[in-house]
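Chain and residue survey
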Amino acid sequence: MSGRVFAVASGKGGVGKTTTAVNVAAAMAEADRSVVLVDYDLGMANVGQVLDVEAVDATLHDVLAGDAEPLDAVASAPSGFDVVVGGTDIEDFGRADPSKLRGVADALRSEYDVTIVDTGGGLSHDTTVPLGLADETVLVSTRQAAALENTAKTRDLVERVGGSVTGLVVTRVSGSDVADDDEVAALDVDILGSIPEDGTVADSERAGEPLVAFAPESPAGQAYRELGYELLGESPPLSFRDGDGDAEPGAAMAEMMTEDVEETGSRSLLSRVTGGLLGSNGKD
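Please read these numbers as outputs of a predicted model, since none were measured by experiment.

1. Quick notes on the pairing of strand β1 (residues 4–9)
Most of β1 sits inside the fold, with 5 of its 6 residues counted as buried. Of the pairings in the sheet, the one linking β1 to strand β5 (residues 114–119) comprises 5 bridges and is parallel in character. Note that in β5 the partner of Arg-4 across the bridge is Val-114. With 4 bridges joining them, β1 and strand β6 (residues 136–141) adopt parallel strand pairing. Residue pairing across strands places Phe-6 opposite Glu-136, the latter belonging to β6.

Written out as structure tokens, the structure reads:
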């Protein structure tokens, strides 16, 4: 068995990179893949803060310091995937040897269908390592000019270290924004997904659950689910409520459309799915 390794990267912190990594992992686990998420932000590890992860004796920093084996640091997370959490003490940062990440990735490849590496924000030697060893790198950015500029630098860095950019995820898109406008298009990468601005993201993190499980019908939850399945080359189940892909397509769609009319009045199903980007007030 040799699983795929995805790096989730951004040139700037605070753009939703960790949220994207967590929800992509949950969506892929829903698609019946064995998935492990590696918290590789060596200076500011935070996956353990947004997920209710079981306690284990070792962290990724222990592994990178040579004090533990990769599988010793694997913990269970909600929604059926595993996590290798990072240490949170300042001393952990000094102990970690980034060059050992390749060995960690190789060990996890042999155990899991998919390994997702949540990289650190910004550009540094530490963040370069996963970009070179991953099969595919997913870039994450908002539409802010500074974030897009740093995303372009990250794209260039991936290419320089021999990695492969599979595309861009645009986060925190409001109803008036367009995810593929000229500034985004100038990056010359495929747009993998557009994640609507959604207050339930913060709610799910406070609850310690991935959004795709905490609020599966939320606009951002649906968008993240579609992203996870797209990266696997599959279509998500029609029923967003329970992930039951065996439901009759016509019945599932009719139910969703009926609920949409009852709950939102003038908002169409397309408007709800895209967070108001499309299908609002009869516009397409």
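2. Concerning unusual backbone geometry
Despite not being glycine, Asp-32 has its phi angle at roughly 70°, a positive value. With respect to the helices and strands, Asp-32 occurs in the loop between α1 (17–30) and β2 (35–40). Judged by relative accessible area, Asp-32 falls into the exposed class, the value being 67%. Even without being a glycine, Ser-79 presents a positive backbone phi close to 80°. Overall, the relative accessible area of 32% leaves Ser-79 in the partly exposed class.

3. A word on the confidence of the model for the protein chain
For the protein chain, the average pLDDT comes to 83, and 81% of its residues sit at 70 or higher. For the protein chain, helix α12 (residues 249–264) is the element with the lowest average pLDDT, namely 38, and β1 is the one with the highest, namely 97. Segment residues 241–284 is flagged for pLDDT under 50; beyond a separation of four residues in sequence, or across chains, it makes 57 contacts in the model.

4. Some details on the environment of Ala-215
Note that Ala-215 resides in the loop between α10 (211–214) and α11 (219–232). Separated by 14 residues in the primary sequence, Ala-215 and Val-201 place their C-alpha atoms 8.6 Å from one another. Contact partners of Ala-215, with chain neighbours within four places excluded, come to Thr-200 and Gly-221.

Procedures and definitions
- Residues numbered from 1 in each chain as written.
- Predicted model: local features only at pLDDT ≥ 70, side-chain atom pairs only at ≥ 80, totals over all residues.
- Heavy atoms only, no water.
- Buried < 20%, exposed > 50% of the residue type's maximum accessible area, 1.4 Å probe, protein only.
- Helix = DSSP H or I, 4+ residues; strand = E, 2+ residues; numbered from the N terminus.
- Pairing = 2+ DSSP bridges.
- pLDDT = per-residue confidence, 0-100.
- Contact = heavy atoms within 4.5 Å.

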